[in-house]
Amino acid sequence: MPFSSSAVPDSGGSVPSAPSAPSVPAGLWRDRDFRRLWLGQTASQLGEHASLVVLPLFAVLTLNAGAGQLGALRAVGQAPILMLSLFVGAWVDRWRTRMVMVLADAGRAFALGAAAVAGLLGVLGLPALLVVAFVVGALSVFFDVAYQASLVRMVRRDQLVQGNSALEGSRSAAQIGGPALGGALVSMLSAAVAVASSAVFFALSFLSIRRIGHREPLPARSEKRPRRVWRQIHDGLRFVVGNSSLRTVCLASAAFQFSFAAVMTVYLLHLPRDLHLSGTAVGLALAATGPGALLGSLFAARLPNRFGHGPVLVAAAALGDGVFLLVPALGEAPAVTVPALVAVNFVFGTFSQLVNVTVMAIRQTVTPDGMQGRVAATINFVGMGLTPLGSLLGGFLAEVWGTRASLLVTAAGMLLSPVLMALSPLSRLGRTLPAPSETPAQSA
């Protein structure tokens, strides 16, 4: 149950051909502005996920970075999620989302383009690469929060599930294709050219989103002077805490992200060390998450409207999270283990994406337009903020208990998320989602 863009692991291995567009009602596909948003978001996600592989490969292959330097590079790129998410949520609620996305795309294209030129000239060092990684990571936070809020301002609320199904489906495809494309370009051409390819994707996103004709109104402001960002952040936090559905989503996301980070740390130790699987086999197993996520996006366009959002949410979370309990039981025979791992990751990808799209539709529907950015950022901040601790716990448990016992315990911890949802009013949501909640009294 990912709840956010970073939960599904990048495969880094070979991938199938590009998937077709997820199923969306014809009315949305006839909307030129929605098509431009979808194309721009797809190109942006490809650039973002390619850069997550390309920049570290550039550091290792071109700059001969060591393990510590590589870890620092990845940490610098991820730091903006914790440092900026809450602020970005407040700022996005003040601005037009189209402007935010266009500026974020332009900034990322410029930063990576400059890095590619410097790399080709042989003048790009590690300090400059750290700056580029931070800038790209920071602008990605702006884009990701803005595109989630933009859909609400563009389509009818009864189209949110279908629209999210298309956007999240393309994001899942990018999570498979982006790293694979980046790695292939590094292997066939050079790391600097691969960096340039990410810049091209962001430029394409810029051109597509810039052509969106829908002119969304600026969010209403009741004060003569804009309120301070800290007060806006406080209002967003208070709104999430005060709404039972959003509060449950936030707690379930935090529980999932913490446990999932621990699971993946142990998982990536268990497969090569204890199951003696090759890097290709590990990549194949992880890559199965992506096609599963595409199927989950298709399910998300239909199942909640047929069986109810609450029941689908709880059942999908239990199935998607619970499937990892099978991994500790697998043996060392590759002929059996690899297909079983592929099946586990496919099932996880399917149901976790079903949860992700359904949760996003619920969040967008119950949240007033003026709070969309802050609510998305608050939930992402709380959920992703626990991932470093989860990773540390997974590594500690693997050292003390071994990988099999640690996998069993951490995978069981993932089930806390569907339990929290099952015990909350979220589980009773029907086929029709409630109207947006009233915004609580704002801080002075």
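What you see is a predicted model, and the numbers here were worked out from it, not measured in a lab.

1. Structural notes on the overall build of the chain
Step number 1: When helices and strands are tallied, the chain shows 18 helices and 0 strands.
Step number 2: Counting all 444 residues of the chain, 55% fall into the buried class.
Step number 3: Counting contacts in the chain only where the partners sit at least 6 residues apart, residues at least 24 apart contribute 90% of the total.
Step number 4: Here the chain displays about 18,000 Å² of accessible surface, and carbon together with sulfur accounts for 67% of that area.

2. Things to note about the confidence of the model for the chain
Step number 1: Confidence in the prediction for the chain averages 78 pLDDT; 82% of positions are at 70 or higher.
Step number 2: Of all helices and strands in the chain, the one with the weakest mean pLDDT is helix 1 (residues 26-29) (65), whereas helix 18 (residues 416-422) scores best (93).
Step number 3: The model gives residues 4-24 a pLDDT under 50, and that stretch makes 55 contacts with residues more than four places away or in other chains.
Step number 4: This stretch, residues 222-226, has a pLDDT under 50; its non-local contacts, to residues over four places away or in other chains, come to 4 contacts.

3. Section: a nonpolar patch on the surface
Step number 1: On the surface, Leu-393, Phe-396, Val-400, Trp-401 and Val-409 cluster together into a nonpolar patch covering about 480 Å² of accessible area.
Step number 2: With 4 residues, helix 16 (residues 387-401) is the single largest residue contributor to the nonpolar patch.
Step number 3: Here Trp-401 is to be found in helix 16.

4. Remarks on the nonpolar core
Step number 1: In this structure, Phe-34, Leu-37, Val-88, Val-92, Met-101, Leu-151 and Val-155 are the most contacted members of the largest nonpolar core, which totals 30 residues.
Step number 2: Listed by contribution, the elements that provide at least two residues to this core are helix 2 (32-61), helix 3 (67-92), helix 4 (97-121), helix 5 (126-154) and helix 6 (160-188).
Step number 3: Top element by residues in this core is helix 5. It accounts for 12 residues.
Step number 4: Among residues more than four places away in sequence, those in contact with Met-101 are Leu-37, Phe-143, Ala-146, Tyr-147, Ser-150 and Ile-209.
Step number 5: The next biggest cluster of nonpolar side chains, apart from the first, holds 27 residues, and it includes Val-314, Ala-316, Leu-354 and Met-421.

5. So, the packing of aromatic side chains
Step number 1: This model, assessed by the stated rule, comprises 4 aromatic pairs.
Step number 2: Ring centres of Phe-143 and Tyr-147 lie 6.1 Å apart, and the angle between their planes is 40 degrees; on these two criteria the pair is classed as tilted. On the criterion of helical spacing, the pair formed by Phe-143 and Tyr-147 is a turn pair, its members being 4 residues apart in helix 5.
Step number 3: With centroids separated by 5.2 Å and ring planes inclined at 15 degrees, the aromatic side chains of Phe-256 and Phe-260 adopt a geometry described as stacked. Taken together, the positions of Phe-256 and Phe-260, both in helix 9 (residues 244-274) and 4 residues apart, correspond to about one turn of that helix. Take Phe-256 and Phe-260: they sit in the same class, and that class is buried.

6. Some details on the packing of helix 9 against helix 14 (residues 334-366)
Step number 1: Packing of helix 9 against helix 14 leaves a shortest axis separation of 13 Å and a crossing angle of 160 degrees. On the basis of the axis angle, helix 9 is roughly antiparallel to helix 14. At the point where helix 9 passes helix 14, the crossing takes the left-handed sense. On the side of helix 9, the interface is formed by Leu-246, Val-249, Phe-256, Phe-260, Tyr-267 and Leu-271, while helix 14 contributes Leu-341, Asn-345, Phe-348, Val-359, Arg-363 and Val-366.

7. Quick notes on empty space enclosed by the protein
Step number 1: All told, the structure shown has 3 cavities of 30 Å³ or more when counted by the stated rule.
Step number 2: Approximately 50 Å³ is the volume found for the second largest cavity.
Step number 3: Lining the second largest cavity are Thr-97, Arg-98, Met-101, Ser-150, Met-154, Ile-212, His-214 and Glu-216.
Step number 4: Contributions of two or more residues to the lining of the second largest cavity are made by helix 4 and helix 5.
Step number 5: In terms of residue count, the dominant contributor to the lining of the second largest cavity is helix 4 (3 residues).

8. Some remarks on the environment of Leu-330
Step number 1: The topology assignment puts Leu-330 in the loop between helix 13 (309-322) and helix 14.
Step number 2: Taking the relative accessible area as the measure of exposure, Leu-330 reaches 15% and is therefore buried.
Step number 3: Remark: the alpha-carbon pair of Leu-330 and Arg-404, spanning 74 residues in sequence, is separated by 9.5 Å.

9. A few points about the pattern of salt bridges
Step number 1: Per the counting criterion, the structure on display carries 3 salt bridges.
Step number 2: Its salt-bridge partner being Arg-36, residue Asp-33 comes within 3.7 Å of it at the nearest N-O pair. You can see Asp-33 and its partner Arg-36 sitting in helix 2, 3 residues apart, about one turn around the helix.
Step number 3: Since its relative accessible area comes to 14%, Asp-33 is described here as buried.

The rules behind these values
Residues numbered from 1 in each chain as written. Predicted model: local features only at pLDDT ≥ 70, side-chain atom pairs only at ≥ 80, totals over all residues. Heavy atoms only, no water. Helix = DSSP H or I, 4+ residues; strand = E, 2+ residues; numbered from the N terminus. Buried < 20%, exposed > 50% of the residue type's maximum accessible area, 1.4 Å probe, protein only. Contact = heavy atoms within 4.5 Å. Areas by Shrake-Rupley, 256 points an atom, 1.4 Å probe, with all protein chains shown as cover. pLDDT = per-residue confidence, 0-100. Patch = residues over 30% accessible without salt bridge, like charges linked within 9 Å, V, L, I, M, F, W, Y side chains within 5 Å. Salt bridge = Lys/Arg side-chain N within 4 Å of Asp/Glu carboxyl O. Core = buried A, V, L, I, M, F, W, Y, C linked by side-chain atoms within 4.5 Å. Phe/Tyr/Trp six-rings, centres within 6.5 Å; stacked < 30°, edge-to-face > 60°. Axes fitted to C-alpha atoms, helices over the stretch in contact; angles between N-to-C directions. Parallel < 35°, antiparallel > 145°, perpendicular 65-115°, else oblique. Left-handed = near helix turned anticlockwise from the far one by under 90°. 1 Å grid on protein atoms, 1.4 Å probe; cavity = no way out; pocket = protein on both sides within 12 Å on 5 of 7 lines; lining within 4 Å. Points joined across faces, edges and corners; volume = space filled by probe spheres on them.

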